[in-house]
Amino acid sequence: MIYLDYTATTPMDSEIIELYARLQREFFANSSSLNKLGQRSDYMISRCKEDIFNTLGIKNYDIVFTSNATEANNIAILGYLSNYKSGHIITTKIEHPSVFEVYKHLEGVGFKVDYLDIDENGKIKLGELKKLINKETLLVSIMWVNNIIGAVEPIKDVIEILKDYPKCRLHVDGVQGLCKVEPNFDFNKIDFLTLSAHKIYGPKGIGGLIYKKNLEIGKIMYGSNAQKGLKPGTMDVGLVGCMCKAIKKYYPLTEKHYEYVKSLQDRLIEGLKKLDRVHINLVGESPYITAISIPNINGETIVHALEEREIYVSTGSSCSSKLKKPEKTIMALTNNESLATSLIRISLSHLSTVSDVDALVCALEKIK
Ligand code: PMP
């Protein structure tokens, strides 16, 4: 079996699987209970928070543990904007649906949303951002690394631009950047950063929203006071511990894994360039993601053809892959419907090998 869909999700690290079992045995008590066992669970969660902040070099922030990054993005955007009835927002045409669809909803209830275009490298146009931003802009949402084409967005420059707009908050979807690409910006300069554990060899069922202390975030769910009421309900100490472990283990390995995966991607690109029918949409700065198209063959057909050879890739974001609509990031990049419907996303990991890459190229060559 050759798994090349690590952007959709990663297998859990075996050390983390073992940690999960141990934490479930030892910290099963409800962290909201006032008894000693409950307080031990609560203490474990606060230690995990500290560990995450120390690993990422973040000070004066809080974190709300969510069920995934989709929920974290929703809490950040809807929660922050619940302080307002209308206002101006800037985002991009290539955000993940868990950001993009939230803004589509907000447009319908009175907010004005501008969607930034991308250039031929998949990066937002900073000039357009400068033109659109104004003193009334409430929130700017720009992803760190795009999940379809692997473009790394210029967050550092965005932070500079936003300095002149102190009222405007910055939300960054960090899901495909964390532990994969070395950040060239300071996490402490971002207001909201969202993460997902299952993209970094942690478990599914947990994500996080890291936010600057003192920011007012309204509730979008109602229930107990757990997690300041932002994500009410009983917490799973095992999941929190595992997300913390994944960050502590993989964040320091970012550069090493990047170099290795880059060498694999170089080999992949070299192989793909020899295949006449394959169009490489972009070689973005994240070597983990390579988006290709084989015009006139539907992406899904290619996925299934490869699957017969036990090679697993995807048609793009798993959230929109069943819709068979032209993929919006490829449309924004190429404005070519044929490329955007015949997309396949190949995603690598430090676990991938040269023979995985060679087998994929060989299989693609044989697809009729
Ligand atoms: N943002 C990006 C950039 C993603 O790639 C994903 C996962 N497809 C998400 C958000 C949503 O993450 P989750 O699966 O944890 O909800």
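Residues numbered from 1 in each chain as written. Predicted model: local features only at pLDDT ≥ 70, side-chain atom pairs only at ≥ 80, totals over all residues. Heavy atoms only, no water.

## Considering the overall build of the protein
Broken down by element type, the protein carries twelve helices and twelve strands. The C-alpha atoms of the protein give a radius of gyration of 21 Å, which matches the 21 Å a tight globule of 368 residues would have. Each principal axis of the C-alpha atoms in the protein carries an extent, and together these give about 65 × 50 × 35 Å. Across the protein, the fraction of contacts at a sequence separation of at least 24, relative to all contacts at a separation of at least 6, is 73%. As displayed, the protein has an accessible area near 16100 Å², and 51% of this comes from carbon and sulfur atoms. (Helix = DSSP H or I, 4+ residues; strand = E, 2+ residues; numbered from the N terminus. Rg over C-alpha atoms; globule rule 2.2 N^0.38 Å. Contact = heavy atoms within 4.5 Å. Areas by Shrake-Rupley, 256 points an atom, 1.4 Å probe, with all protein chains shown as cover.)

## Observations concerning the pattern of salt bridges
Within this structure, the stated rule accounts for 19 salt bridges. The shortest N-O distance in the salt bridge between Glu15 and Lys249 comes to 2.6 Å. With a gap of 234 residues between them, Glu15 in helix H1 (residues 14-26) and Lys249 in helix H7 (residues 237-250) connect regions that are remote in the sequence. With relative accessibility at 38%, the residue Glu15 sits in the partly exposed group. A salt bridge links Lys104 to Glu107; its shortest N-O distance comes to 3.5 Å. Of this pair, Lys104 and Glu107 both sit in helix H4 (residues 97-108), three residues apart, which is roughly one turn of the helix. Overall, Glu107 belongs to the partly exposed group, its relative accessible area being 32%. Members of the salt-bridge network, linked through shared partners, are Asp13, Glu15, Lys245 and Lys249. (Salt bridge = Lys/Arg side-chain N within 4 Å of Asp/Glu carboxyl O. Buried < 20%, exposed > 50% of the residue type's maximum accessible area, 1.4 Å probe, protein only.)

## Focus: the sheet that holds strand E9 (residues 279-282)
The sheet built from three strands is open, its strands ordered E9-E10-E12 with antiparallel pairing. Here the strands that pair on one side only, and so sit at the sheet edges, are E9 and strand E12 (343-347). Going from strand to strand, the sheet's axes swing by 35 degrees on average, the running direction of each strand aside. Pairing geometry for strand E10 (residues 289-293) and E12, over five bridges, is antiparallel. Bridge pairing in E12 places Ile289 opposite Ser347. (Pairing = 2+ DSSP bridges. Axes fitted to C-alpha atoms, helices over the stretch in contact; angles between N-to-C directions.)

## A word on the packing of aromatic side chains
Tallying each qualifying case throughout the model produces nine aromatic pairs. When the centroid spacing of 5.9 Å and the interplanar angle of 75 degrees are considered together, the rings of Trp144 and Phe187 count as edge-to-face. Placement of Trp144 in the loop between strand E5 (137-141) and helix H6 (155-162) and of Phe187 in the loop between strand E6 (169-173) and strand E7 (192-196) is noted, with a sequence separation of 43 residues between them. Here Trp144 matches Phe187 in class, with each residue buried. Counting every residue linked through ring pairs, the aromatic cluster contains Trp144, Phe185, Phe187 and Tyr251. Sitting above the plane of the Phe27 ring, Arg40 keeps its charged end 4.5 Å from the centroid. (Phe/Tyr/Trp six-rings, centres within 6.5 Å; stacked < 30°, edge-to-face > 60°. Lys NZ or Arg CZ within 6 Å of the ring centre and 35° of its normal.)

## Section: the domain arrangement of the protein
Examined at the domain level, the protein breaks down into domain 1 (2-9 + 253-366) and domain 2 (14-252). Look at where the C-alpha atoms of domain 1 and domain 2 centre, and you get two points 26 Å apart. Domain 1 puts 30 residues into the contact, and the matching count from domain 2 is 33 residues. Roughly 2600 Å² is buried in total at the junction of domain 1 and domain 2, and carbon and sulfur atoms are behind 58% of that figure. Area buried by domain 1 at its contact with domain 2 is led by Leu253, Thr254 and Lys328, which between them contribute 23% of it. Inspection of the region where domain 1 meets domain 2 yields one salt bridge. (Domains from an automatic or database assignment. Buried area = accessible area lost by both parts, 1.4 Å probe.)

## Points about the site of the ligand
Among the 13 residues in the neighbourhood of the ligand, the closest are listed as Thr70, Asp173, Gln176, Ser196 and Lys199. The separation between an oxygen atom of the ligand and a polar side-chain atom of Gln176 is 2.8 Å. Within the side chain of His198, an N or O atom sits 2.9 Å from an oxygen atom of the ligand. Taking 400 Å² as the accessible area of the ligand by itself, protein coverage stands at 93%. Tallied by class, residues from the shell around the ligand come to three nonpolar, eight polar and two charged. (Near = heavy atom within 4 Å. Polar contact = N/O pair within 3.5 Å; in protein donor to acceptor, adjacent residues only side chain to side chain. Nonpolar A, V, L, I, M, F, W, Y, C, P; charged D, E, K, R; others polar.)

## Overview of the packing of H1 against H7
Close contact between H1 and H7 brings their axes to 8 Å; oriented N to C, the two are set at 150 degrees. Considering their axes alone, H1 and H7 lie roughly antiparallel with respect to each other. Here H1 runs over H7; the crossing is right-handed. On H7, the residues touching Glu15, Ile16, Leu19, Tyr20, Leu23 and Gln24 of H1 are Val237, Gly238, Leu239, Gly241, Cys242, Lys245, Ala246 and Lys249. Of the residues assigned to the contact of H1 with H7, the class counts are eight nonpolar, three polar and three charged. (Parallel < 35°, antiparallel > 145°, perpendicular 65-115°, else oblique. Left-handed = near helix turned anticlockwise from the far one by under 90°.)

## Points about the pairing of E10
Counting buried residues along E10, five of its five residues qualify, which places the element largely inside the surrounding structure. Here E10 shows two buried faces, one formed by Ile289, Ala291 and Ser293 and the other by Thr290 and Ile292. Across three bridges, E9 lies against E10 in antiparallel orientation. From the neighbouring strand, Ile280 faces E10, where its bridge partner is Ile292. Taking the residues between adjacent antiparallel strands as the criterion, E9 and E10 are bridged by six residues.

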